[in-house]
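Structural overview for review
Next come the chains, spelled out residue by residue.
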Amino acid sequence: MEPMDIVGKSKEDASLPKATMTKIIKEMLPPDVRVARDAQDLLIECCVEFINLISSESNEVCNKEEKRTIAPEHVLKALEVLGFGEYIEEVYAAYEQHKIETMQDSLKGGKWSNGAEMTEEEAVAEQQRMFAEARARMNGGAVAPKQPDPDPSLES
């Protein structure tokens, strides 16, 4: 029988992308240092175990506060509880940098951008149109759906 992790999936299901991890490992070392494949695999397994450890402790901290969602402060507290307090400042700085980069990405267009710039008036008009459609759906009113193309096989 395979060992199972907390959520009931096999250990093979809980891994990190090897290419990404190899890149991170190589970036941290001088260019003349080589890392054996076995050592890379071991480092990846250590990272997975570390994530599991931090996640589990973060969950415990979250539960003690009677919360249902693990927040960044729970992760930081978990680091402290597990004896990694010396990394909290650096981890928090990385988290803040991530928030800034994420905000900049969303301002540049992010996931909802269609590549075309919209004026504020156009955005408000589009938002109002979408609200009206949602209201109509919620109130049982039908918004005129797009007409599907006729199926040629049904024509006689």
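Per an unreviewed UniProt entry, the protein is named Protein Dr1 homolog isoform X1, and its organism is Herrania umbratica. Here the protein is described in UniProt, under the heading Subcellular location (unreviewed entry), as follows: "Nucleus".

Concerning the packing of helix H3 (residues 72–81) against helix H4 (residues 88–107)
Across the interface, H3 lies against H4 with an axial gap of 10 Å and an inter-helix angle of 160 degrees. As the angle between them shows, H3 and H4 are arranged roughly antiparallel. In the crossing of H3 with H4, the sense of the turn from one axis to the other is right-handed. Between H3 and H4, the residues in contact are Pro-72, Leu-76, Leu-79 and Glu-80 and Ile-88, Val-91, Tyr-92 and Tyr-95, respectively. Its residues assigned to classes, the contact of H3 with H4 shows 7 nonpolar, no polar and 1 charged.

Some points on the environment of Val-81
Within the secondary structure, Val-81 is located in helix H3. When its relative accessible area of 46% is taken as the criterion, Val-81 is described as partly exposed. Expressed as a C-alpha distance, the spacing of Val-81 and Ser-58, which sit 23 residues apart in the sequence, is 9.5 Å.

Digging into the pattern of salt bridges
With the rule as written, the count across this model stands at 6 salt bridges. A salt bridge links Glu-80 to Lys-77, with the shortest nitrogen-to-oxygen separation between them at 3.8 Å. Taken as a pair, Glu-80 and Lys-77 lie in helix H3 at a separation of 3 residues, close to a single helical turn. A relative accessible area of 38% means that Lys-77 is categorised as partly exposed. The partner of Glu-96 in a salt bridge is Lys-99, with the nearest N and O atoms 3.3 Å apart. Residue Glu-96 and its partner Lys-99 are located together in helix H4, separated by 3 residues, close to a single helical turn. Lys-99 sits in the partly exposed class, given a relative accessible area of 36%.

Cut-offs applied
Residues numbered from 1 in each chain as written. Predicted model: local features only at pLDDT ≥ 70, side-chain atom pairs only at ≥ 80, totals over all residues. Heavy atoms only, no water. UniProt positions renumbered as here; feature names shortened; annotations may be inferred. Axes fitted to C-alpha atoms, helices over the stretch in contact; angles between N-to-C directions. Helix = DSSP H or I, 4+ residues; strand = E, 2+ residues; numbered from the N terminus. Parallel < 35°, antiparallel > 145°, perpendicular 65-115°, else oblique. Left-handed = near helix turned anticlockwise from the far one by under 90°. Contact = heavy atoms within 4.5 Å. Nonpolar A, V, L, I, M, F, W, Y, C, P; charged D, E, K, R; others polar. Buried < 20%, exposed > 50% of the residue type's maximum accessible area, 1.4 Å probe, protein only. Salt bridge = Lys/Arg side-chain N within 4 Å of Asp/Glu carboxyl O.

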